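Understanding the architecture of this molecule
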Amino acid sequence: MTSSDQERPQFLFVKALASRGRLEAVTQQMGYHPQYLDSFLKMQHYLLHMDGPLPFACRHYIAIMAAARHQCWYLVNLHMLQFLRVGGDPQWLRGLDFIPPKLRNLNEINKILAHRPWLISKEHIEKLLKISEQSWSLAELVHAVVLVAHYHALASFVFGCGCEQEWLDGRSILKSTLPGNQCFCESASGNNCNLELLRINRKRSLDSCVELESLRERIQRIHLETEGREETRPPPQDREEDFDGEIVRATDLSCYVQDPDFGYQDFARRDEEQTQIFRVQDYSWEDHGFSLVNRLYSDVGYLLDEKFRTVDGLQSNAMAKRQGCESSVFKRGIWNYIHCMFGIRYDDYDYAEVNHFLERMLKVYIKTVTCYPEKTNPETFSRFWKQFKHSEKVHVNLLILEARMQAELLYALQAITQYMIS
């Protein structure tokens, strides 16, 4: 690895710290693969902060709705804070019953894409687009679908890499497991990163505690006004914050979830008369989804495509060698196994390779993190493939993130396409 390759993750960390005032656990984990981190940060920044069909507050609330389907406290609390910072109505944080009907109507698609994306149909799309004054535009809906798919998949990554449990335990996000086995600040001192920039942004993060304390009080006041939750609410002192006071803990996620018993069901157990296998030869990201997204939500298709291609280009020679196969064969096995769990099949792939090259424990890990990440226990990540490096485990979780996101997008975009041509 060249010196420039070693410095790249630190440069990206500085950019993240400068823009958000903190270094999130997700950013830290992805830093093991700086090429991917770069494309991820660009795409997420575009989704949340650049011009687009949806208002900024709605974007963060959709992120809350999506993350809550998997009980991901880390992401829900992160976007509660961002929602308030961009001027969101604090009353909305009382739950789905307190948001505009138009936004609440998105909940059905959010639920289906999170757990059984093969059930989504053009009728779901039509319902959202034809509800008089509460209707969505096609551009707004595509923006929302990309957000929903992004945060469902990101929740898998958060659980799969242990970020969720780490956050719940209140452990420091900045610790000595950064790429290079160095503390971020220590490694920054040996390269071209601007230490003054680090100092200024650390100070800005600490100074923001006054503002954040006000936000915390507003959230607490909102929940106190919500009837029926007093007995189950943890006391205010139990709501912790990370090293710079940036995290506000929600007290209950059930208010953001309707039909909580609806979850993943093995695709093989579906009603075969209602749901057919999704064949990539008939509808693919490259030939269909990419152009539709780009037409309705300018440029996001390019950013998504760059992210898919980047994760596919990451090297996995050591992992593949342990499995006795080429890197491309190993990665394709993981990708196609994930798509298979959602009913997506490739006619040109021999699925016997999945059982041949992927160990049983690896498949159990992949299925858990992909389909019901909230069931991932604290030991799952540490036990999984003990002989592999931390960066290799993160690599597998990046493949899970992107394969799951593309699967959800394929189903949603196909339904939108069917609506448009019907």
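The structure reproduced in this document is the subject of the present report. (Residues numbered from 1 in each chain as written. Predicted model: local features only at pLDDT ≥ 70, side-chain atom pairs only at ≥ 80, totals over all residues. Heavy atoms only, no water.)

Attention now moves to the overall build of the chain. Check the secondary structure of the chain and you find 21 helices and two strands. Per-residue burial over the chain gives 57% buried out of 422 residues. Within the chain, residue pairs in contact and separated by at least 24 positions form 75% of the contacts whose partners lie at least 6 positions apart. Summed over all atoms, the accessible surface of the chain reaches about 18200 Å², with 48% contributed by carbon and sulfur. (Helix = DSSP H or I, 4+ residues; strand = E, 2+ residues; numbered from the N terminus. Buried < 20%, exposed > 50% of the residue type's maximum accessible area, 1.4 Å probe, protein only. Contact = heavy atoms within 4.5 Å. Areas by Shrake-Rupley, 256 points an atom, 1.4 Å probe, with all protein chains shown as cover.)

Here we take up the packing of helix 7 (residues 107–115) against helix 9 (residues 138–160). Each pair of packed helices gets described by two things: the angle between the helix axes and the distance between those axes. At their nearest, the axes of helix 7 and helix 9 sit 10 Å apart, and the two run at 40 degrees to each other. Taken as axis vectors, helix 7 and helix 9 run oblique relative to one another. Pair helix 7 / helix 9 crosses with right-handed handedness. Together, Ile109, Asn110, Leu113 and Ala114 of helix 7 and Leu141, Val148 and His152 of helix 9 make up the contact between the two elements. Tallied by class, residues from the contact of helix 7 with helix 9 come to five nonpolar, two polar and no charged. (Axes fitted to C-alpha atoms, helices over the stretch in contact; angles between N-to-C directions. Parallel < 35°, antiparallel > 145°, perpendicular 65-115°, else oblique. Left-handed = near helix turned anticlockwise from the far one by under 90°. Nonpolar A, V, L, I, M, F, W, Y, C, P; charged D, E, K, R; others polar.)

Take the packing of aromatic side chains next. Scanning all chains against the criterion turns up 17 aromatic pairs. Three or more aromatic residues link up through ring pairs in this structure, and these residues are Trp118, Tyr264, Phe267, Phe342 and Tyr372. One Lys or Arg, Arg345, reaches over the ring of Tyr351 and ends 4.0 Å from the middle of that ring. (Phe/Tyr/Trp six-rings, centres within 6.5 Å; stacked < 30°, edge-to-face > 60°. Lys NZ or Arg CZ within 6 Å of the ring centre and 35° of its normal.)

For helix 21 (residues 390–421), spanning 32 residues, the distance from its first C-alpha to its last is 47 Å, which sits close to the expected 46 Å at 1.5 Å a residue. Taken across its 32 residues, helix 21 has 25 buried, putting it largely inside the fold. (Expected span 1.5 Å × (residues − 1).)

We now examine the environment of Tyr61. You can see Tyr61 is positioned in helix 4 (residues 56–68). Linking Tyr61 and Met80, residues 19 residues apart in sequence, is a C-alpha distance of 7.4 Å. Those residues in contact with Tyr61, other than ones at most four positions away along the chain, are Phe83, Trp92, Leu93, Gly95, Leu96, Ile99, Leu103 and Tyr256.

Inspection of the secondary structure puts Arg59 in helix 4. Distance in space between the C-alpha atoms of Arg59 and Leu147 is 7.3 Å, their sequence separation being 88 residues.

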